[in-house]
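Remarks on the overall topology
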There are 2 protein chains.
Amino acid sequence: MTPVERAQLAMMLEVTASPKPGNVDRCHDYEGTRLEHFLASAILARPALERAAGCGGGLGEVLREAVRLTTTHRGGNTHFGAFILLVPLLRGGDIPGAVEAVRATTVEDALEFYRAFSLVKVRMLPGDPLDVADPRALDTIRERGLTLLGIMEHSLEHDMVAREWVTGFPLTRRAADLLRRTGCGRQGVVETFLHLLSTEIDTFIVKEHGKAVAGEVRRRAGEVLAGKEELAAFDANCIARGINPGSTADILIAGIYIALGEGWEWDCPEKGKTRSSLSTGA
Amino acid sequence: MTPVERAQLAMMLEVTASPKPGNVDRCHDYEGTRLEHFLASAILARPALERAAGCGGGLGEVLREAVRLTTTHRGGNTHFGAFILLVPLLRGGDIPGAVEAVRATTVEDALEFYRAFSLVKVRMLPGDPLDVADPRALDTIRERGLTLLGIMEHSLEHDMVAREWVTGFPLTRRAADLLRRTGCGRQGVVETFLHLLSTEIDTFIVKEHGKAVAGEVRRRAGEVLAGKEELAAFDANCIARGINPGSTADILIAGIYIALGEGWEWDCPEKGKTRSSLSTGA
């Protein structure tokens, strides 16, 4: 399997794993963004992922390309945060390589990143001078000589994906380690997601619903793991309230990508008997 | 979207559409073959699909490559029948081009096809001198000078996918037309599947369960369409009895591929906004 295929599989395995409380998964769509949109993005992103894995283009430009390719459908933004992690990981090959890749980013990467932002209208904090809605943001980046890593430093307090760039991808590392500990396949993905949710404040939830709700989600994920709350009930409650731990999902995708490269099995060996009959077609 | 991306999307859209009676879909796995296996195959087949769309290699060799790439997981055969249709369609660009491509196949294509067979152990009819389990099958092909189209002619009575090659892809054409008539997205895929099931005997069901069961499935699909049976009950009954209309699914994939190239929308416009152009026949 090539690194690009690993990245595509990671995107596919994350979105199909179920139940992932609050998120689009095999058993749940949002009204405007459905399972098919996420899976189409995993297919359509390939040329940008290939460029990320090669040496064509700066990280900012490749990110913009990935966003452009995956916003051709009506599902809106599906993987912006995931691409922010996958692109340097593909460029660097592994986490130490990704750390080097993000250190080498330039002002031009920062500008391209902002252009990518404008394709998806991802929300920044109001009043931020680097807000994508501010027509002067590009000038501000140029004036300050901010690199893309500099942008991420600026955002690290309120964005756990940006924090990965600045702090050496610790949650990505942790997600990969959790996958290997919780086991193969779908079950490992779901448990890893819950573990991450139970220890980290999801900054996407903070942006959408505030810190109190994000803290509640973290606490309840811990209670599910401790057997004090049912996973299905937690999932249903998140969905009913529109609570979507989107940044944790992004980190999970990066973790799956790393874990696949380290021998984690997405495809569990079968229990017991050999397959009954090989079927053709679906 | 490139033709290869269309083929990959077709594979993704077919397997996620639900409910498709008896088949792996968004809401149902087989014990050994799960949704993720089908989706992984859609990702992993790409290099072979690229070769099919280019001019590298004969159809038989490309088919073997597609099967090899998609049997690296533990799910077994997921798309052999679909590849038999997609590879000439990609080579020829459309149905008339595919007809030309299959006419140009050689004895070497036939031999490669048999080597592909041995990778998936797809069942042939017992006692057939061209049975893949017969070690003399390759010699028989050489002695008779059978091309790959000749093999399909040999199989047309008991395999509706082979019949597509010989008769000019009429069911693929019909599936594409049905998609445009039944409408965009998931609902169109499900309805098209039911329409095909209600008029065609699925030859994979015949091989697995005999003609009586295949006839029953066809009749009941018609009753679902006529509102005389519930789709969910029909689906549950097929699943409980292990009845898997796999060849109809293969043809559906080919039909989606063609329809996507003709403007059928996999991604429905949101309700309340502009209506689909399908309703105006545009």
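Along each chain, residues carry numbers from 1 onward, in the same order as the chain's sequence is written. Just so you know, chain letters begin at A and ligand numbers begin at 1, following the order they were written in. The model is predicted, so local features are restricted to residues of pLDDT at least 70 and side-chain atom pairs to those at 80 or more, both for listing and for counting; the totals for chains, interfaces and linings are taken over all residues. Remark: hydrogens and water are excluded; side-chain values derive from all non-hydrogen atoms of the structure.

Quick notes on the overall build of chain A
Assigned secondary structure in chain A consists of 16 helices and zero strands. For this measure, only C-alpha atoms enter the radius of gyration; the expected value for a globule follows 2.2 Å times N^0.38, where N is the number of residues. The C-alpha radius of gyration computed for chain A amounts to 18 Å, which stays within 12% of the reference 19 Å derived for 282 residues, consistent with globular compactness. For chain A, the spread of C-alpha atoms along the three principal axes comes to 65 × 40 × 35 Å. A 1.4 Å probe rolled over the protein chains alone gives each residue an accessible area, and that area as a share of the maximum for its type sets the label: buried under 20%, exposed over 50%, partly exposed in between. Across the 282 residues in chain A, those meeting the buried criterion constitute 57%. By the counting rule applied here, Lys and Arg register as positive and Asp and Glu as negative, while His and the ends of each chain are not counted. Lys charges are placed at NZ, Arg charges at CZ, Asp charges at CG and Glu charges at CD. With 33 positive and 38 negative side-chain charges, chain A shows a spacing of 2 Å between the two charge centroids. Counting from the N terminus, the helices are DSSP H or I runs at least four residues long and the strands are E runs at least two residues long.

Notes on the confidence of the model for chain A
All names here are of chain A. The predictor's confidence in any single residue is recorded as pLDDT, a number from 0 to 100. For chain A, the mean per-residue pLDDT works out to 91, and 92% of the residues sit at or above 70. When checking whether two residues touch, look at their non-hydrogen atoms; a contact exists if any pair is within 4.5 Å. Below pLDDT 50 for its whole length, residues 272-282 participates in 37 contacts with residues either more than four positions away or in separate chains. Interface confidence for the predicted complex, expressed as ipTM, amounts to 0.92; the pTM equals 0.93.

Some words on the interface of chain B and chain A
Between chain B and chain A, the contact holds 53 residues from the first and 41 residues from the second. Buried area: the sum, over both parts, of the accessible surface (1.4 Å probe) that disappears when the two are put together. Summing the contributions of chain B and of chain A, the shared interface buries around 4000 Å²; its carbon and sulfur component is 53%. Counting of polar contacts relies on pairs of N or O atoms within 3.5 Å, with two restrictions inside protein: one atom must be capable of donating a hydrogen and the other of accepting it, and residues adjacent in sequence are counted only when both atoms are side-chain atoms. Where chain B meets chain A, there are 17 residue pairs in polar contact (both at pLDDT 80 or more). Those elements that place two or more of their residues in the side of chain B that touches chain A are helix 1 (3-16), helix 2 (35-44), helix 3 (46-53), helix 5 (80-92), helix 13 (203-209) and helix 16 (246-261) of chain B. Per-element tally for the side of chain B that touches chain A: the top contributor is helix 2 of chain B, with eight residues. Classifying every residue of the side of chain B that touches chain A gives 20 nonpolar, 16 polar and 17 charged. Under the grouping applied here, Gly and all other residues not named as nonpolar or charged are polar, the nonpolar ones being Ala, Val, Leu, Ile, Met, Phe, Trp, Tyr, Cys and Pro and the charged ones Asp, Glu, Lys and Arg.

A closer look at the pattern of salt bridges
Salt bridge, as used here, is a side-chain nitrogen of Lys or Arg placed within 4 Å of a carboxyl oxygen of Asp or Glu. Scanning the model with the defined rule gives 46 salt bridges over all chains in all. Across the salt bridge formed by B:Lys20 and B:Glu14, the nearest N and O atoms sit 3.4 Å from each other. No difference in accessibility class separates B:Lys20 from B:Glu14, as the two residues are buried. Between B:Arg142 and B:Asp139 there is a salt bridge, with the nearest N and O atoms lying 3.3 Å from each other. Of the two residues, B:Arg142 and B:Asp139 both sit in helix 8 (residues 137-144), three residues apart, roughly one turn of that helix. One network of salt bridges, with partners in common, ties together A:Arg26, A:Arg186, B:Asp29 and B:Glu36.

So, unusual backbone geometry
All names here are of chain A. Cis geometry is found at the peptide bond from Ser18 to Pro19, where omega equals -5 degrees. Relative to the elements of secondary structure, Pro19 occurs in the loop between helix 1 (3-16) and helix 2 (35-44). The backbone of Phe169 sits at a positive phi, close to 60 degrees, despite the residue not being glycine.

What to know about the relation of the copies chain B and chain A
Least squares is the method for superposing the copies, and the C-alpha atoms it fits come from residues with pLDDT of at least 70 in both. When chain B is fitted to chain A, the best match, at an RMSD of 0.0 Å, comes from turning it 180 degrees and sliding it 0.0 Å along the axis. Such values leave the two copies arranged in the relation of a two-fold axis.

Description of the nonpolar core
What we call a nonpolar core is a set of buried Ala, Val, Leu, Ile, Met, Phe, Trp, Tyr and Cys residues that are connected through their side-chain atoms within 4.5 Å. If you look at the biggest cluster of nonpolar residues, it comprises 188 residues, and the most contacted ones within it are A:Phe113, A:Trp165, B:Phe113 and B:Trp165. The residues contacting A:Phe113, other than those within four sequence positions of it, are A:Gly60, A:Leu63, A:Phe80, A:Ile84, A:Leu148, A:Ile151 and A:Met152.

Quick notes on the packing of aromatic side chains
Residue and element names in this part refer to chain A. Any two rings among Phe, Tyr and Trp, with Trp reduced to its six-membered ring, count as a pair given centres within 6.5 Å; such a pair is stacked if its planes are under 30 degrees apart, edge-to-face if over 60, and tilted if neither. Summed over all chains, the structure comprises 10 aromatic pairs over all chains. Seen in terms of ring centroids, Phe80 and Phe117 are 5.2 Å apart; in terms of plane orientation they differ by 70 degrees. Their pairing is edge-to-face. Residue Phe80 is found in helix 5 (residues 80-92), and its partner Phe117 is found in helix 7 (residues 107-120); the two are separated by 37 residues along the sequence. There is no split in this pair, since Phe80 and Phe117 are both buried. On the basis of an interplanar angle of 70 degrees and a centroid distance of 5.5 Å, the ring pair of Tyr114 and Phe117 is categorised as edge-to-face. A residue pair is termed a helical-turn pair when its members lie 3 or 4 positions apart in one helix, as Tyr114 and Phe117 do in helix 7 at three residues. Accessibility assignment for this pair places Tyr114 and Phe117 in one class, buried. Through pairs of rings, three or more aromatic residues link up here, namely Phe80, Phe113, Tyr114 and Phe117.

Remarks on the side chain of A:Ser198
All names here are of chain A. Positionally, Ser198 belongs in helix 12 (residues 185-199). Taking relative accessible area as the criterion, Ser198 reaches 19% and is therefore assigned buried. Within the structure, Ser198 has its side chain in polar contact with the backbone oxygen of His195 (distance 2.8 Å). Once you skip the residues sitting within four places of it in the chain, Ser198 turns out to touch Arg218, Ala221, Gly222 and Leu225.

A short note on helix 4 (residues 59-69) of chain A
Counting buried residues along helix 4 of chain A, eight of its 11 residues qualify, which places the element largely inside the surrounding structure. Of the residues making up helix 4 of chain A, those classed as buried are A:Leu59, A:Gly60, A:Val62, A:Leu63, A:Glu65, A:Ala66, A:Val67 and A:Leu69.

Comments concerning the packing of helix 3 (residues 46-53) of chain A against helix 5 of chain A
Residue and element names in this part refer to chain A. In the contact formed by helix 3 and helix 5, the axes pass within 7 Å of each other and the chain directions differ by 45 degrees. Classified by the angle their axes make, helix 3 and helix 5 are oblique. Each of Leu49, Arg51, Ala52 and Ala53 in helix 3 lies in contact with helix 5, whose residues at this interface are Phe83, Val87, Leu90 and Arg91. Considered class by class, the residues forming the contact of helix 3 with helix 5 number six nonpolar, no polar and two charged. To obtain each axis, a line is fitted to C-alpha atoms, and for helices this fit is confined to the stretch in contact; angles are then taken between N-to-C directions over 0 to 180 degrees. Between 65 and 115 degrees an angle is taken as roughly perpendicular, under 35 as roughly parallel, over 145 as roughly antiparallel, and anywhere else as oblique.

Things to note about the state of the cysteines
All names here are of chain A. Count a disulfide wherever a pair of cysteine sulfur atoms falls within 2.5 Å. Taken as a whole, this structure holds two disulfides over all chains when the rule is applied. Disulfide pairing places Cys184 opposite Cys268 at an S-S distance of 2.1 Å. Classification of the bridge connecting Cys184 and Cys268 rests on its S-S torsion, roughly 115 degrees, and on that basis the disulfide is right-handed. Of this pair, Cys184 sits in the loop between helix 11 (170-182) and helix 12 while Cys268 sits in the segment after helix 16 (246-261); the two residues are 84 residues apart in sequence, bridging distant segments of the chain.

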